[in-house]
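The primary structure of each chain is shown beneath.
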Amino acid sequence: MHDNRRVIEQRLTRVLDQRLRPAVHTGAVPLAVAVWDAPGEPVPVGVGLAAPYRPVAVGHRWGPPWSTSWFRVTGQVPREWAGRRVEALVDLGFDKTGAGFSSEGLVHRADGTVVKGLHPRNAWIPVADPAAGGEQVAFHIEAAANPTFDHFGEFHHAPTPLGRRPPWLTGGGPPGEPLYRLLRADLTVLDTDLWDLVQDLDVLDQLMRSLPLDSPRRWQLLRAADRALDTLDLQNPAAGARAAREAVRPALAAPATAGAHRISAIGHAHIDTAWLWPLREAERKVARTLANVTQLMDEHPGFRFAMSQAQQLAWMKENRPGIYARVREKAAAGQFLPVGSLWVEPDTNITGGESLVRQLVHGKRFYQDEFGVETAEMWLPDTFGYNAALPQLMKLAGIRWFLTQKISWNTTNRFPHHTFWWEGIDGTRIFSHFPPADTYNSELSGAELAHAVSTFQDKGTADRSLVPFGYGDGGGGPTREMLARADRLADLEGSPKVAIEHPAAFFTRAHREYPDAPVWLGELYLEFHRGTLTSQLKTKQGNRRNEHLLREAELWCATATVHAGRAYPYDALDRLWKTVLLHQFHDILPGSSTAWVHHEAEQAHTAVTAELRTLTDAARHALAGPGDATVVFNAAPHTRGGIPALGAALRPHQAHPPVDPAPSGRGFVLDNGLIRIEIDERGLITSARDLRAHREALPPGTAANLLQLHQDFPNEYDAWDLDAFYRNTRTDLLEADSVTATGAGVRVVRTFGDSRVEQLLTLPAHSRRLDIDTDIEWREREKILKAAFPLDLRAEHSTAEIPFGHVKRPTHTNTSWDAAKFEICAHRFLHLEEPGWGAALLNDSTYGHDITRAVRPDGGTTTTARLSLLRAARYPDPDADQGHHRLHYALLLGAGIADAVREGYRTNLPERAVPGSRPVTPLVALDTPSVVVEALKLADDRSGDVVVRLYEAHGARTRARLTTGFPLASAHPADLLERPLADPAALDTTHLPHRSVDLTLRPFQILTLRLRPAR
């Protein structure tokens, strides 16, 4: 037989696109259209329905960027359409962008109830099925004019001002030009036979093209399509639809082979809580998406939809009660599936440990309280890497399974597993899965399913994978076309078997068939998006500051309640925590959102800071009592300067003043008897000597605190990426405008480009830590600013703090896995050590770091650690990081891990002095520095119990005694949600009469205790 494959394939494509799909809706009757343009921010539904509409016609231009227009469409179903399925088609000006990336609409009935959402891939509205004929039709469409930053899937990432909040929204000038044009508003009849034929041919076509050319099945499908097309009259395709379906029925009835790969298809719509749109628009995206999926559930009882991010559902409960009621109805029916266990899908590199706990606590509690569901999975498809403490946190929150997809974006190494056990730093293992379709926005296309089968890494030992399907990022969710594909692919030769089901069903079966899956130990480092560790510094600073202020607020408010009977601010703390958690979303905290998003984040963090300071000030004053003495509070987990950890003492506020600089040549020396720092006329550190160890920290001929500037223009994702080639060129900022001595230390001023840096180098008495306060007026573009510290030590690995512990990473590039980690995350400290001596870099708001090493001619090794201070990306915010910044970092000499842990906390939890007369006994005290209290609060159930969360911080098995500052009735281990947890090995309560509990902790173990005061 002659090979006419391409002819038939081209024929099928053209007939589908130009004859069959356009004919699915027939008999168009125009709807009357009227519009009302909201004058500013989106309005409540009642306001939109009652607004003064004006008549317009198809072709009407609407929608300045970020505006809202309300369209009213009315008409009457022709009587001759009785018995048919009638739908309205409304095209708001959709282009080829994906769902949720341009104009979108939410359809309401005249009484305000919601029908469904509209977007470029879903423009139909149900009217009647079957129609009686003569029905009146009236819909109101809340249409959002979201600007399109990029064509979906074609990210050019050119700088654009469209991400700013337009001034006219608050009366600051006229709106811009309309973005969109109303292209269609018609009543139509859906020809269900022809629609089904289109779905048949669509599945056949996609499956056929995914099979190898030499596969007999491919040719069977090709010939079936050819026969079906021969039955059609292309001038009247509806007439031959049933005959064409019969022609392909045998091909679509052939069952899959017994060994076919099995795919659990999970309806899904990943909705970025903010990204190329502000929070208020994300809320509307959620509303549109949930309206879509609940409408689909009415017509498809087997449809299941999984939704993560409790925050988004909380928005619906508060602001869209009608939609929320529908969601609860479908959840009760088992169709709507709350998943994920988190308040939002957060960044997990930058987010602090206690914040991750509260993400789990607030997420799981919301699902329990609202839906009666104990979620069992962490669902994080789009987060930019995963810290190695997460397995333990998951287990302590009652989570059994973990899902992500993002690691498939690695640019250097292909991750070796799709189903595996993920082992954290403490030894906890969580059963995990990466969907091999390599997307969390699947359309269930033939190409995607074939990709899932071909790339699945665990063939031969496992035979199933998961695919989240539905339009996402900007929302939209699954469509009826996707459900049609799933139905036809349930058991079809040549395809994997597809079943729509609950994620728990997939994980249960996958675990049962693959209990001895391979193990991945340590962090899941994403070899991509490394720039997110640095972009949008002010957002990161707000988060870091408020994470520590929340610790202080809970600590001092709980202490004031127990010691002074002061009311505990449960509601305020709950609200403030949720605000911080919201802004840890994985496109807000990483700095990859628009200017509007980050401006609002900075404002939110500033407001949270002010309220937290008010709460903590009031609690501290209540504890300190009346008087004019100085009471100094220490919220850090280690005693300092005679002030107990988590307590307060009377003493002068500044017990360790900085040493005075001494002139030396053309520079200055800072010497406190422990370390000696020499600063030259350029303001650079040329010597850093540990006097007790008789050791020079810097390699010969080098300078530390050297600011370095690199060109930073990544290949694709500006705010996200830091490509390795940025290191190929650099400018060392060697010249200083001035280097002067002050009462606090040495002040250095530099200017470069359009920017200015002022630094104050301070050496406190009795400390091995050099503090560097940095004030920057940053006006560079597409640059990254680093601070370099070359060290004369040989270290094969660095140690970086992560939530509830630390991880070691190689400093060499032996393997491609090592080389790919050219930018790494550290929280409060980064430590380098050779046997007997080490040093640490401490910081108050920096996360990006890099380590390089070189062997010198003298045989010594220079290991250079650098902090990434600032970037200047131009997309999606063209003015990212421009302006004034203040940040702090420090060099700690002669430091072991214990020193780095202690000083990292101290750097971020300064002493607080208030007038008063009373010292404050800590609510709890520990007898070993390796066991660190991360949180101390009152129990959320308002029982009055004291909750203490602590962890082993040095990476060693440890015994410790915890003593309380109040009479203790009982002590019990608890999970993260403060529920009883059986862990007798960790707790010995035989000393309860003496207010103490003995603890035994494995390396990096997290332990939550409920302490009941005796009454």
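What you see is a predicted model; the values in this text were computed from it and never measured.

Rules used in this analysis
Residues numbered from 1 in each chain as written. Predicted model: local features only at pLDDT ≥ 70, side-chain atom pairs only at ≥ 80, totals over all residues. Heavy atoms only, no water. Helix = DSSP H or I, 4+ residues; strand = E, 2+ residues; numbered from the N terminus. Buried < 20%, exposed > 50% of the residue type's maximum accessible area, 1.4 Å probe, protein only. Areas by Shrake-Rupley, 256 points an atom, 1.4 Å probe, with all protein chains shown as cover. Lys, Arg positive; Asp, Glu negative; His and termini not counted. Charge placed at Lys NZ, Arg CZ, Asp CG, Glu CD. Phe/Tyr/Trp six-rings, centres within 6.5 Å; stacked < 30°, edge-to-face > 60°. Axes fitted to C-alpha atoms, helices over the stretch in contact; angles between N-to-C directions. Left-handed = near helix turned anticlockwise from the far one by under 90°. Contact = heavy atoms within 4.5 Å. Nonpolar A, V, L, I, M, F, W, Y, C, P; charged D, E, K, R; others polar. Pairing = 2+ DSSP bridges. Core = buried A, V, L, I, M, F, W, Y, C linked by side-chain atoms within 4.5 Å. Expected span 1.5 Å × (residues − 1). Arc of directions from axis to C-beta. Polar contact = N/O pair within 3.5 Å; in protein donor to acceptor, adjacent residues only side chain to side chain. Parallel < 35°, antiparallel > 145°, perpendicular 65-115°, else oblique.

Once that is clear, we can look at the overall build of the protein. Each helix and strand in the protein was counted, giving 18 helices and 53 strands. Referenced to the eigenvectors of the C-alpha coordinate spread, the extents of the protein come out at roughly 95 × 70 × 60 Å. Counting all 1015 residues of the protein, 63% fall into the buried class. Summed over its atoms, the accessible surface of the protein is roughly 35600 Å², and 51% of this surface lies on carbon and sulfur atoms. Of the side-chain charges in the protein, 112 are positive and 122 negative, and the distance between the mean point of each set is 2 Å.

Okay, the packing of aromatic side chains next. Overall, the coordinates contain 34 aromatic pairs when judged by the stated rule. Where phenylalanine 415 meets tryptophan 520, the ring centres are 4.6 Å apart and the plane angle is 50 degrees; that geometry is what we call tilted. Remark: tryptophan 520 occurs in strand β22 (residues 519–521) and phenylalanine 415 occurs in the loop between β17 (401–403) and β18 (419–423); sequence separation between them is 105 residues. Among the aromatic residues, ring-to-ring pairing joins Phe101, Trp275, Trp277, Trp409, Phe528, Tyr717, Trp720 and Tyr875 into one connected group.

Time to look at the packing of helix α3 (residues 192–210) against helix α4 (residues 216–230). Each pair of packed helices can be described by the angle between their axes along with the distance between the axes. Packing of α3 against α4 brings their axes to within 9 Å, and their N-to-C directions diverge by 145 degrees. Here α3 runs over α4; the crossing is left-handed. Side by side, α3 and α4 meet where Leu201, Leu204, Leu207, Met208 and Arg209 of the first sit next to Arg218, Leu221, Leu222, Ala224, Ala225 and Ala228 of the second. For the contact of α3 with α4, the class distribution of residues is nine nonpolar, no polar and two charged.

Consecutive side chains of a regular strand alternate in pointing toward one face of the sheet and then the other. Note: strand β2 (residues 32–37) against strand β5 (residues 68–76), six bridges, orientation antiparallel. The residue bridging alanine 32 from the neighbouring strand is threonine 74, located in β5. One ladder, built from nine bridges, connects β5 with strand β10 (residues 136–145); its direction is antiparallel. Across the sheet, residue serine 69 finds its bridge partner in β10, namely alanine 143.

This part takes up the pairing of strand β35 (residues 769–778). Most of β35 sits inside the fold, with seven of its 10 residues counted as buried. The loop that links strand β34 (residues 755–762) with its antiparallel partner β35 comprises six residues; one of these, histidine 766, has a positive phi angle of about 60 degrees. Relative to strand β44 (residues 883–893), β35 runs antiparallel, the two sharing 10 bridges. Within β44, the position partnered with leucine 770 by the bridge is leucine 891.

What follows concerns the nonpolar core. Leu290, Leu313, Phe402, Leu936 and Leu1011 are the most contacted members of the largest nonpolar core, which has 195 residues in total. Judged by nonpolar contacts, the second largest core, of 51 residues, contains Leu537, Ile685, Val739 and Leu867.

Ordered by their spatial adjacency, five strands build an open sheet running β25-β26-β27-β28-β29, and the pairing between neighbours is antiparallel. One side of each edge strand has no neighbouring strand; the edge strands of this open sheet are β25 (662–664) and β29 (695–696). Relative to strand β27 (residues 675–679), strand β26 (residues 667–671) runs antiparallel, the two sharing four bridges. If you follow aspartate 671 over to β27, its bridge partner there is arginine 676.

With that settled, the discussion passes to the sheet that holds strand β46 (residues 924–926). Within a sheet, neighbouring strands are paired by backbone hydrogen bonds and run either parallel or antiparallel to one another. One open sheet accounts for four strands, arranged β46-β49-β52-β51; its pairing is antiparallel. This sheet does not close on itself; its edge strands, each paired only once, are β46 and β51 (987–988).

What follows covers the side chain of serine 970. In this structure, serine 970 sits in strand β50 (residues 968–974). Setting aside residues up to four positions removed in sequence, serine 970 forms contacts with Leu992, Arg1010, Leu1011 and Arg1012.

To continue, consider unusual backbone geometry. In this structure, proline 130 follows aspartate 129 across a cis peptide bond, with omega equal to 0 degrees. Relative to the helices and strands, proline 130 resides in the loop between β9 (124–128) and β10. Even without being glycine, histidine 529 reaches a positive phi, approximately 55 degrees. Looking at histidine 529, the relative accessible area reads 4%, which means it is buried. Its identity is not glycine, yet histidine 766 carries a phi of approximately 60 degrees, on the positive side. Along the chain, histidine 766 falls in the loop between β34 and β35. Taking the relative accessible area as the measure of exposure, histidine 766 reaches 62% and is therefore exposed.

Along an α-helix, residues three or four apart share an orientation, since each turn contains 3.6 residues. The end-to-end C-alpha distance of helix α8 (residues 321–332), which contains 12 residues, comes to 16 Å, matching closely the 16 Å that a straight helix rising 1.5 Å per residue would cover. Residues of α8 that are buried: Ile323, Tyr324, Val327, Lys330 and Ala331. Taken down its axis, α8 places every buried residue within 125 degrees of arc, on the same side. Residues Pro321 and Ala332 are exposed on α8 and point more than 90 degrees away from its buried face. Phi for glycine 334, located one or two positions after α8, is positive at around 85 degrees.

What follows deals with α3. Taking 1.5 Å per residue as the helical rise, α3 with its 19 residues ought to reach 27 Å, and the 27 Å between its terminal C-alpha atoms agrees with that figure. Counting buried residues along α3, 14 of its 19 residues qualify, which places the element largely inside the surrounding structure. Sitting at the head of α3, aspartate 191 places a side-chain oxygen 3.2 Å from the backbone nitrogen of aspartate 193.

This part takes up the packing of α8 against helix α9 (residues 353–371). The contact between α8 and α9 brings their axes to 11 Å, and the two run at 80 degrees. What the angle tells us is that α8 and α9 run roughly perpendicular. Contacts between α8 and α9 pair Tyr324, Val327, Arg328 and Ala331 from the former with Phe366, Glu370 and Phe371 from the latter. In terms of residue class, the contact of α8 with α9 is made up of five nonpolar, no polar and two charged.

As a further point, take the environment of serine 215. Considering the arrangement of structural elements, one finds serine 215 in the loop between α3 and α4. A C-alpha to C-alpha distance of 62 Å links serine 215 and valine 932, two positions 717 residues apart in sequence.

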